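Chain residues, written in single-letter form:
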Amino acid sequence: MFNKITTAWALHRRTVTIVTLVILVAFPFLITDQYIVTVATLGGVYAILAMSLNLISGFMGITSLGHAAFWGVGAYTAALLSTKLGWPFILTLIASCVVALVFGVLLGLPTLRLSGRYLTIVTLAFCEIIRTIETNWKSLTGGATGITGIPKPEIFGYVFNTPMKIYFLVLVLCILTYILITRLMDSRLGRGITAVRDDYIAAQAMGIKDSRYKIMAFVISAALAGMAGGFYAHYMSFISPLSFSFDQSTLILSMIIIGGLGNLTGSVIGAVLLIALPEVLRPLMAWRQVIYGALLVVVILCKPSGILGKVNLKHIKQRELFKRGKEKEGEVKA
Amino acid sequence: MSTPVLRTEKVTQRFGGLVAVNAVDMHVDQGEIVGLIGPNGAGKTTLFNCITGQYTPTEGKIYFHDKDITGMTPYQITELGMCRTFQNIKLFPHMTIMENAMVGAHTRIKENLWDVIFHTKAYKKGEKQAEERARKALELTGLSDNPYYYGTDLPYGKQRRLEIARAIASDPEVLMFDEPAAGMNEGETADLTEFIREIRGLGYTILLIEHDMRLVMNLCDRIYVLDHGTLIASGKPEEIKQNPLVIEAYLGKKA
Amino acid sequence: MFFQQLFNGITIGATYSLVAVGFSIVYSVLELVNFAHGSFYVLAGYLVLTMYSFMALPYPVAILASLIVTGLFGAAMNKFLLEPIRKKTSSGESVMTATLGVSTFILNLIMVLYGSETKPFPNPMNLGKFYIGSVIMKWNQVIIAIAAIIMIIVMSIIIYKTKIGSGMRAIAQDVSAAKLMGVNTELVITFAFFSGILCAAIAGILVAMYYGSVDTTMYLGVSMKTFAAALLGGIGSLPGAALGGIIIGVLEAFVAGYISADWKDCIAFIVLILVLLFRPSGLFGHKEIKKV
């Protein structure tokens, strides 16, 4: 059953994509409750974070618990540049990417040679250090109270001041992130990344400079998280260190594991599920987080490699088309 | 006489106090199939790993043509034109047969981040080249039947062929096989022998480590014998068969 | 001042050591970063609170019962949740995320049942304090440090001298080889969870006694510092984890004393990163040899 669905999906991928896009565009017009649109926007922010984390943790195989730190660095960059220096949204968004990228280089260059779990804990350590700095460098970051009064996104005079406008902005950023990572993975560089994850010794023997691929994936992932942060700061108009704590790192990691490591669509589904779930469970009040924890375990128990963890649509499509091509050839000969 | 394609000069590898490879001199000429044999623990794989760049030899030099490649990384060595396979097959499990072979072409195509993101001409050209090279290598190794299944789903013998296809896609001058017949039955080994001979016919130079005596004796032009890290004999298969030192160190154990 | 900070640091460091040793035991058999480890540390304290204050059990009985229940809880988590997941997938990330789910579950359940505010923790043994020079030493602190150190020694004996301990070490080196040698791997792994989480539970109760209170926010700080302590020493090395805990405890005390309490919580991580830059496998870890 699952296989039939994924095969159909693989063969009609363009149609599925177009239908999904139509739904995503129509969605805010069909919903009267603006709160839901706001939640969907938050879902979009997390979708970007999850996709970018998937690049490093899913495709590159380095489990990172420091993603929230890059997100936070991006958010603080945008918040400070816009409130203190009055930079426009586009520039702060780019600066968020660049600063997060620089932090990615600073963390990645010395630590990416560490082995598996050591690296995971180092990313966690990085997350905590950044959060402590955000909390304690009060003259710059405003301490635990954070930064307020960040202007709404504005592009060439057009202000994104309603939930719907902001929703479309995040939708565009999501699509750009999706395209960027898809294109990256569908290339010589992407094959290099997959090869290093699958077997770095064999990858080296095929002429792949493994350290270079690790740092590349790490830095791109950090920059995208920074972009999500820059957007988030303008969208929320206030930020505090609490938003970028270790809990957030684990939340984003849970999203990509539930969606399936190494599957971008899975990451988006994971993000939407884990953002929607607490909202759906809201009537349960205090029990909400308890059930959330239990559900997380149950989902992994039922589907340990995530919803789309073992699905590669490109491979399925190539395989099916080849099979059909062969069959046709056979018919012609007969 | 032309210079050998590959030459080692007094290569020594120590691990702590243990001397795994001791001052080995050997060379491989253009178009040869050279075998490296020896009993278990003789240091064959260690020497192999020195040549392919996995280890940096403690002493000695390794030359590819006239270029000193001692201490180069595996990826630099592959780029220069030497590519290896592994004793315990190392395919990329999340890649299709085709993609595994395309990884082989990695060093021979050019695509940078810009090309990849904006799908420039260079990207399209690179992908086309990679696919062509992979397709050729797969045809050569008899693997072109639906190459979109996962490489690790192939039967054992074919996985070995895929590893060789991947190496061939890197367009090497020298192919290096680490126990290619390991884990194969007699029929498969015979196929493999025939197959390696075909490859040599295409102009590749081959260095292989092997346990299977029949394959080595049937296939190799020259053989080097290692025992306890030291080279104890070298020569044509017939000479090696007659050599009392070899019989004592290697074949003698069975008698 | 210096010796006072040193003494305080060693006391709290000893409890970190104990948690880190427990974490290392589980890590070494499964290479699993068990995020639920710290939540058991918190759970044990609340269980004592329940049994002593609400069920009116005698204090030692409450402590003992709490330890056993927490340890069994940990073993059950492995047996009924993690083992089935391991059987279905080889992805360590999935198992790790499941432990995240468990810890979310436990901590929030505690918050629902007890409220999120800090609860006073009963300690009938108020033994007063004494002085060595100008250093104030509370008997409680001394008992905590000694108890933690004794537990670490007991754990080391179990791991290095008993049959089940040699099973653990065998699994740590090579699971399939251990299986072939007749080690009942699943049983040994479950025992590793029991004993590892028991360590966390003991430390949790000791710390609750030390501060005279329990709350759920203890969790985050302690579990993350524990990871740092275990890595600092070199994962899989029990003496390493123990020393890592002490080092972090002492450093924190000094940072809090001489610099600012604000920066105390991240010194562990800064030191960790610095150490790993120069010794990628920690202070006492073995270098992994790559095989071709």
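Residues numbered from 1 in each chain as written. Chains lettered and ligands numbered in written order. Predicted model: local features only at pLDDT ≥ 70, side-chain atom pairs only at ≥ 80, totals over all residues. Heavy atoms only, no water.

- Looking up chain C in an unreviewed UniProt entry gives the name Branched-chain amino acid ABC transporter permease, with the organism given as Fusibacillus kribbianus.
- Listed under Sequence similarities (unreviewed entry) in UniProt, the entry text for chain C is "Belongs to the binding-protein-dependent transport system permease family. LivHM subfamily."
- Quoted verbatim from the Subcellular location (unreviewed entry) field of the UniProt record, the comment on chain C reads "Cell membrane". (UniProt positions renumbered as here; feature names shortened; annotations may be inferred.)

- Chain A is annotated in an unreviewed UniProt entry as Branched-chain amino acid ABC transporter permease from Fusibacillus kribbianus.

### With respect to the overall build of chain A
Point 1. The helix and strand tally for chain A stands at 15 helices and 2 strands.
Point 2. The C-alpha radius of gyration computed for chain A amounts to 21 Å, which stays within 12% of the reference 20 Å derived for 334 residues, consistent with globular compactness.
Point 3. In terms of principal-axis extent, the alpha carbons of chain A reach across some 80 × 50 × 45 Å.
Point 4. Burial status across chain A gives 55% buried among its 334 residues.
Point 5. Sequence-distant contacts, at least 24 apart, represent 79% of the contacts inside chain A between residues at least 6 apart.
Point 6. Total accessible area on chain A stands at roughly 13,800 Å², and carbon and sulfur atoms take up 70% of it.
Point 7. Counting 29 positive and 14 negative side-chain charges, chain A places the averaged centre of each group 3 Å from the other. (Helix = DSSP H or I, 4+ residues; strand = E, 2+ residues; numbered from the N terminus. Rg over C-alpha atoms; globule rule 2.2 N^0.38 Å. Buried < 20%, exposed > 50% of the residue type's maximum accessible area, 1.4 Å probe, protein only. Contact = heavy atoms within 4.5 Å. Areas by Shrake-Rupley, 256 points an atom, 1.4 Å probe, with all protein chains shown as cover. Lys, Arg positive; Asp, Glu negative; His and termini not counted. Charge placed at Lys NZ, Arg CZ, Asp CG, Glu CD.)

### Section: the nonpolar core
Point 1. Membership of the largest hydrophobic core comes to 245 residues, with the highest contact counts inside it found for Phe231 and Ile239 of chain A.
Point 2. Ranked by residue count, the leading element in this core is helix α11 (residues 210–236) of chain A, at 17 residues.
Point 3. A domain split of this core shows at least three residues from each of domain 1 (1–81 + 172–255) and domain 2 (96–170) of chain B.
Point 4. Ranked by size, the runner-up nonpolar core spans 26 residues in total, among them Val28, Ile62, Ile77 and Met82 of chain B. (Core = buried A, V, L, I, M, F, W, Y, C linked by side-chain atoms within 4.5 Å. Domains from an automatic or database assignment.)

### Overview of helix α5 (residues 121–140) of chain B
Point 1. Here α5 of chain B contains 20 residues, and its C-alpha end-to-end distance of 28 Å stays within 8% of the 28 Å for a straight helix at 1.5 Å per residue.
Point 2. Those residues of α5 of chain B lying buried are Tyr123, Gly126, Glu127, Ala130, Ala134, Ala137 and Leu138 of chain B. For α5 of chain B, the buried positions fall inside an angular range of 100° around the axis, keeping them on one side. Opposite the packed face of α5 of chain B, turned more than 90 degrees from it, sit the exposed residues Lys121, Lys124, Lys125, Lys128, Lys136 and Glu139 of chain B.
Point 3. Its buried side turned inward, α5 of chain B meets α9 (188–198) of chain A together with α3 (97–104), α4 (113–118) and α6 (156–168) of chain B.
Point 4. Gly142 of chain B occupies a position one or two residues after α5 of chain B and carries a positive phi of about 70°. (Expected span 1.5 Å × (residues − 1). Arc of directions from axis to C-beta.)

### Here's the deal with the interface of chain C and chain A
A common way to state how big an interface is: give the accessible area lost once the parts meet.
Point 1. Listed per partner, the contact involves 45 residues of chain C and 44 residues of chain A.
Point 2. For the pairing of chain C and chain A, the buried interface totals around 4,000 Å² over both sides, and the portion due to carbon and sulfur atoms is 76%.
Point 3. Our enumeration of links across chain C and chain A arrives at 2 salt bridges.
Point 4. Note that Asp262 of chain C is salt-bridged to Lys138 of chain A, the shortest N-O span being 3.6 Å.
Point 5. The set of elements that each furnish at least two residues to the side of chain C that touches chain A consists of α3 (59–88), α4 (92–114), α9 (218–233) and α11 (264–278) of chain C.
Point 6. Looking at the side of chain C that touches chain A, the element that brings in the most residues is α4 of chain C, giving 14 residues.
Point 7. Classifying every residue of the side of chain C that touches chain A by side-chain character gives 28 nonpolar, 10 polar and 7 charged. (Buried area = accessible area lost by both parts, 1.4 Å probe. Salt bridge = Lys/Arg side-chain N within 4 Å of Asp/Glu carboxyl O. Nonpolar A, V, L, I, M, F, W, Y, C, P; charged D, E, K, R; others polar.)

### A word on the pattern of salt bridges
Point 1. As enumerated under the stated definition, the model contains 31 salt bridges over all chains in all.
Point 2. Of the charged contacts in the structure, one is a salt bridge between Glu93 of chain C and Arg117 of chain A, with a shortest N-O distance of 3.3 Å. With Glu93 of chain C in helix α4 and Arg117 of chain A in helix α6 (residues 116–136), this residue pair bridges two chains.
Point 3. Judged by its relative accessible area of 14%, Glu93 of chain C falls in the buried class.

### So, the pairing of strand β10 (residues 230–235) of chain B
Residues and elements named next belong to chain B.
Point 1. With 5 bridges joining them, strand β9 (residues 222–227) and β10 adopt antiparallel strand pairing. Looking at β10, one finds that Val225 is bridged to Ala233.
Point 2. Linking β9 back to β10 in an antiparallel pair, the connection comprises 2 residues, with His228 at a positive phi of about 50°. (Pairing = 2+ DSSP bridges.)

### What about the environment of Arg279 of chain C?
Point 1. As for its position among the elements, Arg279 of chain C is in the segment after α11.
Point 2. Note: C-alpha distance between Arg279 of chain C and Gly234 of chain C (45 residues apart in sequence) is 9.3 Å.

### Digging into the sheet that holds strand β1 (residues 6–15) of chain B
All names here are of chain B.
Point 1. Spatial strand order, β2-β1-β4-β5: 4 strands in an open sheet with antiparallel pairing. Here the strands that pair on one side only, and so sit at the sheet edges, are β2 (18–28) and β5 (67–68).
Point 2. Direction of pairing for strand β4 (residues 59–64) relative to β5: antiparallel, over a ladder of 2 bridges. By the bridge assignment, Tyr63 is partnered in β5 with Asp68.
Point 3. The strands touched by helix α1 (residues 44–52) within the sheet are β1, β2 and β4, with β1 carrying the most contacts at an inclination of about 120°. (Axes fitted to C-alpha atoms, helices over the stretch in contact; angles between N-to-C directions.)

### Points about the pairing of strand β3 (residues 33–37) of chain B
Across a regular strand the side chains alternate sides, sitting on one face of the sheet and then on the other.
Residues and elements named next belong to chain B.
Point 1. Taken across its 5 residues, β3 has 5 buried, putting it largely inside the fold.
Point 2. Burial along β3 is two-sided: the residues Ile33, Gly35 and Ile37 and Val34 and Leu36 are all buried.
Point 3. By the bridge criterion, 4 bridges tie β3 to strand β8 (residues 205–209) in an arrangement that is parallel. Counterpart to Gly35 in the pairing with β8 is Leu208.
Point 4. Where β3 and β9 come together, 4 bridges link them in parallel fashion. What sits directly across from Leu36, in β9, is Tyr224.

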